[in-house]
Amino acid sequence: MALQRMEPKLREVYKTDGSWVDIVAEQMDFPLELNEQLQDIWKGYSEYVTRQGLKSDPNQFVAQFVDENFPGL
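So, here's what we can say about the structure. Quick caveat, the model's predicted, so the values are computed rather than measured.

## Overview of the overall build of the chain
Then step 1. Regarding its fold elements, the chain presents 4 helices and 0 strands.
Then step 2. At 14 Å, the chain has a C-alpha radius of gyration far larger than the 11 Å of a compact globule built from 73 residues.
Then step 3. Considering the chain as a whole, with its 73 residues, one finds that 14% of them fall into the buried category.
Then step 4. In the chain, once contacts between residues fewer than 6 apart in sequence are set aside, the share between residues at least 24 apart is 8%.
Then step 5. Carbon and sulfur atoms make up 55% of the accessible area of the chain, which totals about 6,000 Å².
Then step 6. The distance from the centre of the 7 positive side-chain charges to the centre of the 13 negative ones in the chain is 8 Å.

And the structure:
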């Protein structure tokens with residue numbers, strides 16, 4: 001994944017350790033439980049689109065999630 005390749009640069013820029021997920025969560029002040037909540041939301045989305053005969057699209061999921069939860073970005 002491209003973001004994993006960014007980890008060294010993120011660690012350098014923000015002078016911290018951890019995965020890219022940890023670094024972004026820290027910088028965005030996300031609550032600790034957000035990662036688990038996102039996984040649950042993704043699972044629900046995936047199950048829904050599968051029932052509709054469609055394929056889960058991570059890019060569409062992220063775009064929709066950000067649009068709905070971070071409208072100012």
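## A short note on the pattern of salt bridges
Then step 1. Inspection of every chain in the model, using the stated rule, returns 2 salt bridges.
Then step 2. For the salt bridge of Lys-9 with Glu-12, the shortest nitrogen-to-oxygen distance reads 3.7 Å. In this pair, Lys-9 and Glu-12 both sit in helix α1 (residues 2-14), 3 residues apart, roughly one turn of the helix.
Then step 3. Residue classification places Lys-9 among the partly exposed residues on the basis of a relative accessible area of 49%.

How each quantity is defined
- Residues numbered from 1 in each chain as written.
- Predicted model: local features only at pLDDT ≥ 70, side-chain atom pairs only at ≥ 80, totals over all residues.
- Heavy atoms only, no water.
- Helix = DSSP H or I, 4+ residues; strand = E, 2+ residues; numbered from the N terminus.
- Rg over C-alpha atoms; globule rule 2.2 N^0.38 Å.
- Buried < 20%, exposed > 50% of the residue type's maximum accessible area, 1.4 Å probe, protein only.
- Contact = heavy atoms within 4.5 Å.
- Areas by Shrake-Rupley, 256 points an atom, 1.4 Å probe, with all protein chains shown as cover.
- Lys, Arg positive; Asp, Glu negative; His and termini not counted.
- Charge placed at Lys NZ, Arg CZ, Asp CG, Glu CD.
- Salt bridge = Lys/Arg side-chain N within 4 Å of Asp/Glu carboxyl O.

Everything listed here is a matter of coordinates, which is why it stays silent on function.
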